[in-house]
Structure formats: C-alpha cells, structure tokens
Amino acid sequence: MTLSVVYGGIVLVALLFVAPKLQALHRNYRAARATGLPIVVFPFDPDSLIHTIFSDPLRPVLRRLLPASLYATFEISTFGWEFRDKSAVHERLGPNFILVSPGLNRFICADPATGQNILARRKDFVHPDISLKAMNFLGKNIITNNDEAWSRQRRIVAPALSERISEEVWKVSAEHASSLTDILLSNGPLTTKTIPGLRAIAINVLTRIAYGHKKPFALPSSTYDPKAELSYVDGICLCTEFLVVAAFAPWRMLRWSVMPTSMQTLGVALQRLPELTKNMLDQVRQSSAMVTSVDSTTHAGPHKGPDPILKTFARLSDEQDDNAAKGDGKTGRSYLTEEEIAGNLFIFTAAGFDTTANTMGYATTLLAAYPKWQEWIQEEIDGVLSRPQNDEEKSLPDYATAFPQLKRCLAVMFETLRLFPPVTTVMRTTTTNQLITTRNSAANSFTLGAPCAVHVNIMALHTSAAIWGPDALDFKPSRWLQPATNNDTREDIITPPRGVFLPWSNGPRTCPGQKMSQVEFVSVMATIFGQCRVDPIPKDDESVQQARQKLLDLTQDSHPVLTLQMSRPEEIHLKWVRRDIGSHL
Ligand code: HEM
C-alpha cells in the first residue's frame, strides 16, 4: 500500500513536470506547422540550463549511441552546431526550417533574401535577452538597447568609428605589427607566440583608438595578481578576456580566496571599474579644459590625429549638460549618459577585440598551411611597400596610398571571414507575429508566430555550394578578385550577391567597426608578411605536408564562446623567417 502511494506520487510528479512540456511542444508544433516550413522536433528545451551545461560533453557519447538521424536532431540543438555542420542540414531540409521544442521555436534561416529581410527590420526582430544580459554588466550600451536609446547611441558610436580614424588605425596597427615581427624573428623558440601576439596587437589598437592609451608592444603576460595596481585599461582588458565569467559571475564570488588568481583579479577589476571609469573621465575632462584654455590664449594649431573616442563621448555628454543647465534639458539627439559612456567604451573593446584578433589568427594559420596564398599576397605587398633607401627596411606607405592597393590582403580577410565568421549565427527574437517574405515573393511568404527565436545562419550562407560553387569549403582568396584582363591590369574586389556574405551582419545594426577591422587587418598582414614568411613546424617524424594538414585540422577544431575561436590555439607552432626581399625589387 505504502509503496503504491510512493510510486503513484512519483508518477504524478513526473506527469506534473512532463505535462506542461508536452503541452508547450504541441502548441509550438502547431505554430510551426502553420508556416509550411520543414520542421525538426526536439523534445527538450535547448535553452534550458541543463541542456546548455550537458549537451556539449554528451555529444561524443550520443554520436556513438544514437542512430544517425536521431543524433542529427540532437546536434542542431547544441550550442555552436552551425560551425561544425557548415551547410549540411540546410542541404537536407532547405534554406529555412524550424526547430520545435518545448522552449521557444527556433526559426533557422539560410536563405539570403529572408536573412536580409530579417536583419533590415530591427524593430520586428530584436536582440534576444541573453545578449543583452551578457553585454550589460558595465552599463547600458549600443548592443544592449533595442529601442530609441539604441538610435541615439548609434548616432554617436558609428561616426566615432568612421573613416576619420582609418589613418590612425593603419599607423598604430603597422607599428605594433612591426614590433611583433621583430619578436617573432628574434626569438626562434617563441613559435607559439603568434596567436597571443596578434591578440596583443588587436587590444593595443583598440585601446589607442578608444582611450588614447599609448603602450609599447609587449606579448601578453599570463600572470595575474589581484593585489597589483590596476588601471582602467587593464581592467577592461581583463573583462574582455573573460567576458562570459565577467558577465554572469558576481564580483564578490570571484574574489574568494579559493578562486584562481585570474578570477580574483577579474573580481577586483569588476569591483573597481565604475570608480576607474569615473576617474578616467574626470581626467579627460580636466585635460580637455586645459587644452581649450591654452588653445584660446595661444591660438595653438589644431590637435594632430583624431581625438580618442572617449574624449568625443565626454564632450557630447558635456555639451548636453550645458544645454540642460541653460534649461534645454538633456534630451537632444546626440548625448550619452555617464552610464552609457562607460557601457559603450567597454563595448568598443569587447566587440572589436576577439572578432578582429581571431580573424588575424585564423588568416595567419591558413597562410602558413597554404604557402601558395602566402606568396600570392607577398607578390602584391612587395609592389606596394616603399622601396628601401640605402639600408633602411621597406616600410608601409600611408593609409590613403597603400590600403586601396592591397586588395589581395583584403581578399584574404574576406575568405577567412567566409569560412571562420566570428559570429556564426546572428540571433534575434520576435515578440509579435511577423510576416516573412522569402525570395521577395508574396507567394512564398509565411507568418512566424511569436514568441520565436530567429537565427540567421551565417555559417551556412557562407559555405553553401549552391552559392559559392563546388569548392565552397576550400580556402581560396582569389575568388574575391575580378581577374585582371587585357584591357585592365587592375584586380578588383568583387561584390557578392546580396545577403550571401554577412560576417559583419547587415541592416541598421550592421557592425560599425567593419572598416576599422579591415584597415587593421590589412595593415598588420602587409607589415608582417612583407617582412617574413611563415611555415608550420613539423613534430617528431611528421612531414611538412602533415604539419600543414594539422594546422588546418586545428582551425576546424573551433567553437564559439561569444565569437568563434580555436579550441587549441596553443598547438599552433609556427616558424617565422625573414624574407630575402631585396632580390626581386
Ligand atoms: C572582423 C571584425 C569584426 C566582425 C566580423 C564583427 C562582426 C559584428 C557582428 C556580426 C555584429 C552584430 C550585428 C547584428 O547584431 O546584426 C557586430 C556588432 C557590433 N560591432 Fe562588430 N565586428 C568586427 C569588428 C568590430 C570592431 C573593430 C568594432 C569597434 C571597435 C566593432 C563594434 C561593434 C559594435 C559597437 C556593434 C553593435 C552594433 C549595434 O548593435 O548597433 N566591431 N559586429
């Protein structure tokens, strides 16, 4: 009797737990059916905490145990599947399909026209809560706002990254790349330092442009000391390096003495950043006030180079405060609150760091694996670098002269981003039902019931054989260039059809750092590959060919954290050798 009560209780609890899930699954299935799109049903919520934690470690086990078709369903419920799958699932199911689960339905889109349509409608398809939470912890900012505050911030943030900073980005990137080249060439055994070195360049360029922070190039240190002096830039760099922990773990917990020193140092940074931001802004305001009074008394010439972004933010905010004091109120079109200044300064670093650093890391690894493409860009770089005077080293001409000529370097960036886009899927969510028109035809339109998660599958768009041809998965930078013809000897970058190449996304929320990242990438590649060549280092009895293949395998062993990154970058062993460049000039 007692036993049957216990069993009955267990069954009841199980039913109480399962019944709402089944109900949600049924409701979602009906909503998905109404669209007429292909459907994949997965019986668990892929966004639940349990699934998020356990699905990745379970993958190898389930791959062995489950029949292939069941495993394929499980795979597309896991985080980061887009990179592993490339466009295979869309080849089976079509460009658009819906993953139905007891959580939110997920509309997965790899149709260029539909993707464009979604990204163009920023008010209908908004950023999901999870990205807002992940990026909000140092203050509201352009990424974490969906409403009118976004428009106001975008009007300030996008121009701060415009063409006016290109010359400075070009110069600073070349300076740091040149220092890294010296280190890589002079320290023979430092062969694992390429990827950390490229990361150091990316963070140094960002901190110079955003905060005016001038720092000589140095490889990043891997030691952390929670008791050491901490500057604003150190704190921001730490938060960027450990973004996921910084976003979700409370600083008090990170400071516990049982935590690793890196986490304790991060805890200190999170605790101190509000105060450090305030001090830095006060300093900027004081020095601006001094410069203005000196300028107005001495009529000194204009400041050389663009102001750091921080200064622009502070000035706009102060102008609004002045208007408010005059009674106009802080309601104009161009201002940031103090919290938004802090949030956006951080976002510059967070959004611009990993994306650009990893793109340079993948590109360098691919060039080491494919000597053919390395020589291809070097041929171009040699034609652009200034000829040496006497014994001077060849140097990179200024931005306006060199950048437009280095098309092969830009083609390497595009091809790297095609195969290794930092953001493999752009996520949105809907709160009201949305009519979606595919291939610009009303006959193909359908209504997406809300709420629904929407994923524009960048990885699938970038690797579809139907779009890019049978060699879609090959690294082939020349696909980006219109070949020179008899009449015109200039190579030109091609523009791919609309909606098929979206590493920087598209529409009103497209990445405002697109040009900055291109200028930085080309400057760094031209500086490094102008001076040296790179090869993999074969291990033990490996052949060079095997070592090259290993590099390619390491690039494929990647997973997204916030952006796509290699799982084992420390295994990239490269040998840098100075090129004999005088001979063919
Ligand atoms: C290879 C380099 C880069 C790639 C591939 C990249 C890619 C992206 C992508 C995919 C988005 C999301 C857009 C969306 O939600 O539709 C984005 C947003 C953003 N990126 Fe980049 N990015 C790069 C470099 C940079 C740099 C260097 C900066 C600034 C220093 C930057 C600043 C931003 C900002 C502020 C946003 C938010 C825009 C908004 O929500 O309005 N990015 N980026």
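Labelled according to an unreviewed UniProt entry, the protein appears under the name Cytochrome P450, originating from Periconia digitata.

Here we take up the overall build of the protein. Within the protein, the secondary structure is distributed over 23 helices and 13 strands. Residues counted as buried form 49% of the 585 residues belonging to the protein. In the protein, the proportion of contacts linking residues at least 24 apart, taken out of those at least 6 apart, comes to 74%. With an accessible surface of roughly 28,100 Å², the protein has 57% of that area assigned to carbon and sulfur atoms.

On to the site of the ligand. Every one of the 27 residues lining the ligand counts as a neighbour, but Trp150, Arg154, Arg428, Ser505 and Cys511 are closest to it. Within the side chain of Arg154, one N or O atom sits 2.8 Å away from an oxygen atom of the ligand. Arg428 is positioned such that a nitrogen or oxygen atom in its side chain is 2.7 Å from an oxygen atom of the ligand. If you list the elements that add at least two residues to the shell around the ligand, you get α8 (148-160), α16 (338-369), β4 (425-430) and α22 (514-531). Element by element, the count of residues in the shell around the ligand is highest for α16, at 7 residues. Residue composition of the shell around the ligand, grouped by class: 16 nonpolar, 8 polar and 3 charged. A domain-level breakdown of the shell around the ligand finds at least three residues from each of domain 1 (2-139 + 425-459) and domain 2 (157-423 + 465-499 + 503-578).

In terms of residue burial, strand β7 (residues 452-457) counts as a mostly covered element, since 6 of its 6 residues are buried. A two-sided burial pattern is seen for β7, the buried positions comprising Cys452, Val454 and Val456 on one face and Ala453, His455 and Asn457 on the other. Where strand β3 (residues 105-109) meets β7, 5 bridges bridge the pair, whose relative direction is parallel. Within β7, the residue paired with Asn105 across the bridge is Cys452. Relative to β7, β4 runs antiparallel, the two being bridged by 6 bridges. Across the sheet, the residue bridging to Val426 is Val456, located in β7.

This brings us to the pattern of salt bridges. Under the criterion given, the structure shown has 30 salt bridges. When the shortest N-O distance is used, the salt bridge between Glu375 and Arg533 registers 4.0 Å. Of this pair, Glu375 sits in helix α17 (residues 371-384) while Arg533 sits in strand β10 (residues 532-536), placing them 158 residues apart in sequence. For Glu375, a relative accessible area of 44% translates into the label partly exposed. Three or more residues joined by partner-sharing salt bridges are found here, namely Glu415, Arg418, Asp471, Lys476 and Arg479.

Looking at the iron atom of the ligand, one finds just one donor atom contributed by the protein, Cys511 (SG), at 2.3 Å. Considering the arrangement of structural elements, one finds Cys511 in the loop between β9 (492-493) and α22.

Here we come to the nonpolar core. One finds Trp170, Tyr211, Tyr232, Phe313, Leu406, Ile528 and Phe529 to be the most contacted residues of the largest nonpolar core, which totals 119 residues. With 15 residues, the single largest contributor to this core is α16. Inspection of this core shows a minimum of three residues originating in each of domain 1 (2-139 + 425-459) and domain 2 (157-423 + 465-499 + 503-578). Counting residues in hydrophobic clusters, the runner-up holds 20 residues, among them Ile98, Phe107, Val454 and Leu461.

In this structure's numbering, the residues bearing the UniProt feature "binding site: heme" (unreviewed entry) are Cys511. By relative accessible area, Cys511 is classed as partly exposed at 31%.

In this section: empty space enclosed by the protein. The tally for this structure, following the rule as stated, stands at 1 cavity of 30 Å³ or more. Space inside the largest cavity adds up to approximately 40 Å³. What lines the largest cavity is Ile203, Asn204, Thr207, His213, Lys215, Ser231, Val233, Asp234 and Cys237. Broken down by secondary-structure element, the contributors of at least two residues to the lining of the largest cavity are α10 (194-211) and α11 (232-241).

A cluster of nonpolar side chains, Leu49, Ile50, Ile53, Phe54, Leu58, Val61 and Leu65, forms an exposed patch at the surface whose accessible area comes to about 710 Å². Relative to the elements of secondary structure, Leu49 occurs in helix α2 (residues 49-65). Residue classification places Leu49 among the exposed positions, given a relative accessible area of 64%.

This brings us to the sheet that holds strand β1 (residues 39-41). Reading across the sheet, the 5 strands line up as β1-β2-β3-β7-β4 and stay open at both edges, with mixed pairing between neighbours. The outermost strands of the open sheet, each flanked by one partner alone, are β1 and β4. Across the sheet, the mean angle separating the axes of adjacent strands is 20 degrees when strand polarity is ignored. Its contacts with the sheet put helix α6 (residues 112-120) on β2 (96-100), β3, β4 and β7, and the angle it makes with β3 is roughly 120 degrees.

Now for the packing of aromatic side chains. Geometry of an aromatic ring pair is reported as the spacing of the ring centres plus the angle between the planes. Summed over the entire model, instances satisfying the criterion amount to 21 aromatic pairs. Between Tyr362 and Phe420, the ring centres sit 4.4 Å apart and the planes meet at 15 degrees, which makes this aromatic pair stacked. A residue pair is termed long-range when its members are at least 10 positions apart, and Tyr362 in helix α16 and Phe420 in the loop between α19 (407-419) and β4 qualify at 58 residues. Take Tyr362: its relative accessible area is 2%, and that puts it in the buried class. With centroids separated by 4.6 Å and ring planes inclined at 55 degrees, the aromatic side chains of Trp480 and Phe501 adopt a geometry described as tilted. Taken as a pair, Trp480 in the loop between α21 (465-468) and β8 (481-482) and Phe501 in the loop between β9 and α22 lie far apart in primary sequence, 21 residues in all. By the ring-pair criterion, three or more aromatic residues cluster together here, those being Phe414, Trp468, Trp480, Phe501 and Trp504.

Moving on, we come to the packing of α16 against α22. With their axes 10 Å apart at the nearest point, α16 and α22 run at an angle of 35 degrees to one another. Note on packing geometry: the crossing formed by α16 with α22 is right-handed. Facing Thr356, Thr359, Met360, Ala363, Thr364 and Leu367 of α16, the residues of α22 in contact are Ser517, Glu520, Phe521, Val524, Met525 and Phe529. Split into classes, the residues belonging to the contact of α16 with α22 amount to 7 nonpolar, 4 polar and 1 charged.

Definitions and cut-offs
Residues numbered from 1 in each chain as written. Predicted model: local features only at pLDDT ≥ 70, side-chain atom pairs only at ≥ 80, totals over all residues. Heavy atoms only, no water. Helix = DSSP H or I, 4+ residues; strand = E, 2+ residues; numbered from the N terminus. Buried < 20%, exposed > 50% of the residue type's maximum accessible area, 1.4 Å probe, protein only. Contact = heavy atoms within 4.5 Å. Areas by Shrake-Rupley, 256 points an atom, 1.4 Å probe, with all protein chains shown as cover. Near = heavy atom within 4 Å. Polar contact = N/O pair within 3.5 Å; in protein donor to acceptor, adjacent residues only side chain to side chain. Nonpolar A, V, L, I, M, F, W, Y, C, P; charged D, E, K, R; others polar. Domains from an automatic or database assignment. Pairing = 2+ DSSP bridges. Salt bridge = Lys/Arg side-chain N within 4 Å of Asp/Glu carboxyl O. Donors = N, O, S within 2.8 Å, 3.2 Å for Na, K, Ca; no water. Core = buried A, V, L, I, M, F, W, Y, C linked by side-chain atoms within 4.5 Å. UniProt positions renumbered as here; feature names shortened; annotations may be inferred. 1 Å grid on protein atoms, 1.4 Å probe; cavity = no way out; pocket = protein on both sides within 12 Å on 5 of 7 lines; lining within 4 Å. Points joined across faces, edges and corners; volume = space filled by probe spheres on them. Patch = residues over 30% accessible without salt bridge, like charges linked within 9 Å, V, L, I, M, F, W, Y side chains within 5 Å. Axes fitted to C-alpha atoms, helices over the stretch in contact; angles between N-to-C directions. Phe/Tyr/Trp six-rings, centres within 6.5 Å; stacked < 30°, edge-to-face > 60°. Left-handed = near helix turned anticlockwise from the far one by under 90°.

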